[in-house]
Structure formats: C-alpha cells, structure tokens
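In case you want the letters, here they are:
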Amino acid sequence: LAKTTQPISMDSYEGQEVNITCSHNNIATNDYITWYQQFPSQGPRFIIQGYKTKVTNEVASLFIPADRKSSTLSLPRVSLSDTAVYYCLVGDNRSSASKIIFGSGTRLSIRP
Amino acid sequence: GAGVSQTPSNKVTEKGKYVELRCDPISGHTALYWYRQSLGQGPEFLIYFQGTGAADDSGLPNDRFFAVRPEGSVSTLKIQRTERGDSAVYLCASSSQGGSTEAFFGQGTRLTVV
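Residues numbered from 1 in each chain as written. Chains lettered and ligands numbered in written order. Predicted model: local features only at pLDDT ≥ 70, side-chain atom pairs only at ≥ 80, totals over all residues. Heavy atoms only, no water.

A. Quick look at the overall build of chain B. Looking only at helices and strands, chain B features 0 helices and 11 strands. Along the chain direction, N to C, the helices and strands of chain B fall in the order β-β-β-β-β-β-β-β-β-β-β. For chain B, the C-alpha radius of gyration of 13 Å lies close to 13 Å, the compact-globule estimate for 114 residues. In terms of overall dimensions, chain B has a C-alpha envelope of 35 × 25 × 25 Å along the principal axes. Burial analysis of chain B (114 residues in total) assigns 48% to the buried set. Counting only contacts in chain B whose residues sit at least 6 apart along the sequence, the fraction spanning at least 24 positions is 54%. Just so you have it, chain B exposes about 5200 Å², and 46% of that area is on carbon and sulfur atoms. Treating the 11 positive side-chain charges of chain B as one cloud and the 11 negative ones as another, the clouds have centres 8 Å apart. (Helix = DSSP H or I, 4+ residues; strand = E, 2+ residues; numbered from the N terminus. Rg over C-alpha atoms; globule rule 2.2 N^0.38 Å. Buried < 20%, exposed > 50% of the residue type's maximum accessible area, 1.4 Å probe, protein only. Contact = heavy atoms within 4.5 Å. Areas by Shrake-Rupley, 256 points an atom, 1.4 Å probe, with all protein chains shown as cover. Lys, Arg positive; Asp, Glu negative; His and termini not counted. Charge placed at Lys NZ, Arg CZ, Asp CG, Glu CD.)

Here it is in structure tokens:
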C-alpha cells in the first residue's frame, strides 16, 4: 500500500483558501486518492476522491499533478466549522482486496 | 438505516472482562471495516469484511480480538480479557463495494477499560 505524508498541523483564518498537500511517491497505477475529514467525537467523513488532474465538488477541490506523486486538497473560503483533521489516503477502489488505511492526518485550525 | 449505527456509544468495563461492540452498516453495503482510534491518532485498521467473510484481518492486534458478520450485514467485534491498553474509540465503516475507498463511518464506540 502506498504511504502518504502530510503536514501534522496547519492554521488559517476565516475566509481564506486553505491548501493541504499530501505526498504519495509510491502510488500505484490503479490507486485513487481520497480525502476524509474528521471532527472531534465523530467518525471520518468522505470529502473527495480523484485519479488525476482536478476534481471539484461542493465541499472542496482536489488537484493532482501528472506524475500523481502528490495531491492538494483545496478548501475555499474556510470557516470556523472547517476546523478538523484531514486525512489523505491512496488505494485501489476497484480491488475487493484493498483495505482503507489512514495515516496521522493534518490537524487544521481555523481562527476568527 | 440512514447511516452506520454503532452500539453502545460508550462502554466502561473492568480489566479482564469480555465486551462486544455492534455495528449496523448501511443497508445493502457489502463491505464492512473495523478501526480503532486512540486520542490524537488516525484510525488504525483492524479487519475488513466482504460479505460474511473476513477478507483481511491483518490488523487485529492479538487473539483476544475477534469479529464476525454471520449474515453479511450486522457485525460484532468481540474483545476477550480486556486490558487497559484496549481503551480507545472503535469505529465501524461500510461501503457499497469491496475495496471502495469511499466508506461511511459510524460515530464509534468509546471503550474504557478500568
């Protein structure tokens, strides 16, 4: 399974755009990149998933360069409620043998 | 149900006792995962079911831990001879297909061994 590396923590302010970058140098050809968000006392929540280039949904954008060795989760105009831990994962979502492995995540703190 | 349900939400038990934690996945989801999360850490993989069978149990820490999913829906995580180090939040997740990295998590069961 490809290992991911992301910053332990980040701080930002309300209204700013926040970009969290994840490194996955050993990503395999069939691996997708997935991001989860976790609030205190809750289970993780799926945010976005992509394979290459750019994916956008109502919550975030995911930018993936051509070599796919990294990815960037972009949160536009954050609010206090975006304070959470964000996890970057890679895995083959077409393989029934693939399990979901979490790293330590990035603890994002948003200030007023 | 509308989401993944875990019961109980909190469980306090004495060292050496046996506990069972229950997970009701989203109806129709074939894949089910159990994780353990300690404070300040990411979820630690324990076991993954595809249908009724354990597709991967490599994360179970020792033979005191066991999980079943006899009918391919509800799952029970069983811990024998609990130790204080077993204290953690136990999370369950389900997904609509095996290996999917889009999984839906429950709120977890907070287990405290005293």
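B. Main features of the overall build of chain A. Scanning chain A for helices and strands turns up 0 helices and 9 strands. Scanning chain A from its N terminus toward the C terminus, one meets helices and strands in the order β-β-β-β-β-β-β-β-β. Relative to its length of 112 residues, chain A is compact, with a C-alpha radius of gyration of 14 Å against a globular reference of 13 Å. In terms of its C-alpha atoms, chain A occupies a principal-axis envelope of roughly 40 × 30 × 25 Å. Looking at the 112 residues of chain A, the share that counts as buried comes to 46%. Restricting the contact set of chain A to residue pairs at least 6 apart, pairs at least 24 apart contribute 57%. Just so you have it, chain A exposes about 5700 Å², and 48% of that area is on carbon and sulfur atoms. Both charge centroids of chain A, one from 11 positive and one from 8 negative side chains, sit 6 Å from each other.

C. Inspection of the interface of chain B and chain A at higher detail. Taken together, the 23 residues of chain B in the interface contact 24 residues of chain A. Between chain B and chain A the total buried area reaches about 1800 Å² when both faces are included, carbon and sulfur atoms providing 51% of it. Our enumeration of links across chain B and chain A arrives at 0 salt bridges. Viewed at the interface, chain A and chain B are joined by 4 residue pairs in polar contact (both at pLDDT 80 or more). Considering every element that reaches the side of chain B that touches chain A, the biggest residue donor is strand S4 (residues 31-37) of chain B, with 3 residues. (Buried area = accessible area lost by both parts, 1.4 Å probe. Salt bridge = Lys/Arg side-chain N within 4 Å of Asp/Glu carboxyl O. Polar contact = N/O pair within 3.5 Å; in protein donor to acceptor, adjacent residues only side chain to side chain.)

D. Spatial organisation of the pairing of strand S4 (residues 45-50) of chain A. All names here are of chain A. Of the pairings in the sheet, the one linking strand S3 (residues 32-38) to S4 comprises 5 bridges and is antiparallel in character. Directly across from threonine 34, in S4, lies its bridge partner glutamine 49. Linking S3 back to S4 in an antiparallel pair, the connection comprises 6 residues, with serine 41 at a positive phi of about 65 degrees. (Pairing = 2+ DSSP bridges.)

E. Molecular detail of the pattern of salt bridges. All names here are of chain B. Scanning all chains against the criterion turns up 5 salt bridges over all chains. With its nearest N and O atoms 3.3 Å apart, the salt bridge here joins glutamate 44 to arginine 36. The exposure class assigned to glutamate 44 is partly exposed, which follows from its relative accessible area of 36%. Arginine 36 sits in the buried class, given a relative accessible area of 12%. With a shortest N-O distance of 2.8 Å, aspartate 86 and arginine 64 are connected by a salt bridge. Of the two residues, aspartate 86 sits in the loop between strand S8 (75-79) and strand S9 (88-95) while arginine 64 sits in the loop between strand S6 (53-56) and strand S7 (65-68), which places them 22 residues apart along the sequence. Judged by relative accessible area, which is 7%, arginine 64 ranks as buried. Salt bridges sharing common partners tie together Arg64, Glu83 and Asp86.

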